[in-house]
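# Commentary on secondary and tertiary structure
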Amino acid sequence: MNPVASSLLSTTLGAVFLGASLALGLVSSGLSIIFYFRLKHRSLLHFALTILISYFVLGTLNRDPMQIFDVGADPLNLRFIQVITAAGGYFFYRLVLSAFPPHASPSQLPVSFFKGFFFLAVFARVIILFSMNETTIRFASLTTGCFELITIAYVLSHPISTRSMQLNKAGCCLFSLGLMVYPLTRAGILPAMPSQKFGPLIMLGTLSVVSTVWLFALVEYARERLEEAEMASLKNMARAFIQLRDLMNTPLQTIEFSMSLLPDDFRKDNLPLERIDHALSQLRSVNVALAKFEKDVDWEQEDNFFDISEISENSPEKRADSFFNSQAPSSHLDLRESK
Amino acid sequence: MAAKILFLDDSEDMRALMGLLMKSKLGEDCLALDSVESLINHESEALNSFLAILDVNLGAGKPSGLDAYNWLKAHQFKGKVFFLTGHARSHPMVVKACETGAGVWAKPIAADIIISSIKKILKENEIHG
């Protein structure tokens, strides 16, 4: 059994911690995958893959991060871990890019800088596959540590707009910080002793915290998407109301002109005309009441809810015309038959 | 006698009623046209009028009242121009119409208001012209 797992399972508290951490990781990555299929945002899928690979890598880790220098132990296994770690790094890189796309803000760290360090870290990992020795491993660890640092700088410099992005930012920074311990220890920047003792626990703790933060981010993201959908449907409704009102205005103007053209003596004590006048003023009130929806209308959208030509085509008069026209040939036929 | 009022609207009902309204209330002829194309075809008559009332939207995919306004201005139209529209004030076409500096009347507008405004413009034209 993995030494980290076996040491945790030896105590009740440790077993609870390990179980809770794994459950958090599985729930957050599982929910991310479900959300990905619903919402189609790539960062959701990248997060799930990053977390799952990270737990897998943690399972393969030895208690002592320095033991990886013992290349003679099992070189194939070590190379396999390098490939899996690189894949995890790649999905984390994709997660950062999809969650924090390059922004025009001058305060943001250039994305090319972030990409450059990622490719340098990948290049260093590729070197290990062909030449595994202490120097290449130290170089790969150093570039990975630098990539994690640059990631923190890139993510922190991104201008955030939503609460879910803020949580995502916190998650990415914590993930980078937690995962920096191993590479920086191997690179000789951090002392070996604390990492040898607490390294795997720090990584497990990091994954648990990041999974929890991501769960909150997921809930926030879903809430924001719901709000967006609600706003969009309100805007559509407002547009439909205003378009309908606009279509009504020309016929209303026609009635208005027609009424004013009627002779005064004809209008006098004419009850039906008074009712029409009253109905007209009520329609004007409706017109005024609908004006409050104007501010919510997105005029950038070009499609119309109502096409006046379509409405005219379906008007009762047109329907009656088409009915009689369609009846005409059969009536001719009847005449011929009667002859 | 040439018409003093030019009216551009794609609604047949509106054109017929505006003509009747101008004749019965002001005793003036009205050149009522349905499109920018017919406006161009009636160039000399249209440019000699004192007042142009242009519907902003002359049908989907067709040149608008704004195109008619630009055409009139490009051909040194000296008269006053008003837009008549059923669209919301915030509609991009209405916003553009407002930016021209011409008056914008919102449908439905009381016939009395239109009549009194036109009467005033024609009177000013008689004084100055």
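Residues numbered from 1 in each chain as written. Chains lettered and ligands numbered in written order. Predicted model: local features only at pLDDT ≥ 70, side-chain atom pairs only at ≥ 80, totals over all residues. Heavy atoms only, no water.

Below, the discussion takes up the overall build of chain A. Across its full length, chain A carries 13 helices and 0 strands. Secondary structure elements of chain A occur, N-terminal to C-terminal, as α-α-α-α-α-α-α-α-α-α-α-α-α. Put simply, of all contacts in chain A between residues at least 6 apart along the chain, 78% involve residues at least 24 apart. Working note: accessible area of chain A is about 19,000 Å², and carbon and sulfur atoms make up 66% of it. (Helix = DSSP H or I, 4+ residues; strand = E, 2+ residues; numbered from the N terminus. Contact = heavy atoms within 4.5 Å. Areas by Shrake-Rupley, 256 points an atom, 1.4 Å probe, with all protein chains shown as cover.)

It is worth spelling out the packing of helix α6 (residues 134-157) of chain A against helix α7 (residues 163-179) of chain A at this point. All names here are of chain A. Interhelical geometry of α6 versus α7 gives an angle of 165° and a closest axis separation of 9 Å. Taken together, α6 and α7 sit at an angle that is classed as roughly antiparallel. Along this stretch, α6 crosses α7, giving a crossing that reads as left-handed. Listed contacts from α7 to E148, T151, I152, V155 and L156 of α6 are K169, C172, C173, S176, L177 and L179. Grouping the amino acids of the contact of α6 with α7 by side-chain chemistry returns 7 nonpolar, 2 polar and 2 charged. (Axes fitted to C-alpha atoms, helices over the stretch in contact; angles between N-to-C directions. Parallel < 35°, antiparallel > 145°, perpendicular 65-115°, else oblique. Left-handed = near helix turned anticlockwise from the far one by under 90°. Nonpolar A, V, L, I, M, F, W, Y, C, P; charged D, E, K, R; others polar.)

This brings us to the packing of aromatic side chains. Residues and elements named next belong to chain A. In total, this model carries 16 aromatic pairs over all chains according to the counting rule given. Judged by centre distance (6.2 Å) and plane angle (45°), the rings of Y90 and F118 are tilted. Of this pair, Y90 sits in helix α4 (residues 75-99) while F118 sits in helix α5 (residues 111-130); the two residues are 28 residues apart in sequence, bridging distant segments of the chain. Given a relative accessible area of 4%, F118 falls into the buried group. Chaining the aromatic ring pairs together yields one cluster made of Y90, F91, Y93, F114, F118, F119, F147 and Y154. Here the guanidinium or amino end of K40 rests over the ring plane of Y36, the centre of that ring lying 5.9 Å away. (Phe/Tyr/Trp six-rings, centres within 6.5 Å; stacked < 30°, edge-to-face > 60°. Buried < 20%, exposed > 50% of the residue type's maximum accessible area, 1.4 Å probe, protein only. Lys NZ or Arg CZ within 6 Å of the ring centre and 35° of its normal.)

Let us now look at a nonpolar patch on the surface. All names here are of chain A. Together, F17, F198, L201 and I202 make up a nonpolar patch on the protein surface, roughly 310 Å² of accessible area in all. Among the structural elements, L201 can be located in helix α9 (residues 192-261). Note on L201: relative accessible area 36%, which makes it partly exposed. (Patch = residues over 30% accessible without salt bridge, like charges linked within 9 Å, V, L, I, M, F, W, Y side chains within 5 Å. Salt bridge = Lys/Arg side-chain N within 4 Å of Asp/Glu carboxyl O.)

Another aspect to go through is a negative patch on the surface. Where like charges cluster on the molecular surface, the negative patch consists of D10(B), E12(B), D13(B), D34(B) and E37(B). Among the secondary structure elements, E37(B) is positioned in helix α2 (residues 36-41). (Lys, Arg positive; Asp, Glu negative; His and termini not counted. Charge placed at Lys NZ, Arg CZ, Asp CG, Glu CD.)

On the chain A side, the residues contacting the 23 residues of chain B number 17 residues. Carbon and sulfur atoms supply 65% of the area that chain B and chain A bury against each other, a total of about 1,700 Å² over both sides. In this structure, the connection of chain B to chain A is made through 0 salt bridges. Linking chain B with chain A are 6 residue pairs in polar contact (both at pLDDT 80 or more), by the criterion used here. When contributions to the side of chain B that touches chain A are tallied by element, the ones reaching two or more residues are α1 (12-26) and α6 (111-128) of chain B. With 8 residues, α1(B) is the single largest residue contributor to the side of chain B that touches chain A. Its residues assigned to classes, the side of chain B that touches chain A shows 13 nonpolar, 6 polar and 4 charged. (Buried area = accessible area lost by both parts, 1.4 Å probe. Polar contact = N/O pair within 3.5 Å; in protein donor to acceptor, adjacent residues only side chain to side chain.)

On to helix α3 (residues 42-60) of chain A. Compared with the 27 Å implied by 1.5 Å per residue over 19 residues, the 27 Å span of α3(A) between its first and last C-alpha is a close match. For α3(A), every residue scored as buried is listed here: S43(A), L44(A), H46(A), F47(A), A48(A), T50(A), I51(A), I53(A), S54(A), Y55(A), V57(A) and L58(A). (Expected span 1.5 Å × (residues − 1).)

On to the nonpolar core, then. Of all hydrophobic cores here, the largest spans 40 residues; its most connected members are V96(A), F100(A), F114(A) and Y154(A). Here this core gets 8 residues from one element, more than from any other, and that element is α9(A). Apart from residues lying up to four places away in sequence, F114(A) is in contact with Y93(A), V96(A), L97(A), F147(A), I150(A), T151(A) and Y154(A). Counting 25 residues, the second largest nonpolar core, distinct from the first, contains L47(B), A68(B), A97(B) and A102(B). (Core = buried A, V, L, I, M, F, W, Y, C linked by side-chain atoms within 4.5 Å.)

Note on placement: E256(A) falls in helix α9. A relative accessible area of 11% places E256(A) in the buried class. Excluding anything up to four places from it in sequence, E256(A) contacts L280(A), R284(A), I109(B), A110(B) and A111(B).

Here we come to the pattern of salt bridges. Residue and element names in this part refer to chain A. Taken as a whole, this structure holds 11 salt bridges over all chains when the rule is applied. One salt bridge in this structure joins E134 and R138, with 2.9 Å as the shortest N-O distance. On the criterion of helical spacing, the pair formed by E134 and R138 is a turn pair, its members being 4 residues apart in helix α6. According to the relative accessible area criterion, E134 is partly exposed, its value standing at 43%. Since its relative accessible area comes to 29%, R138 is described here as partly exposed.

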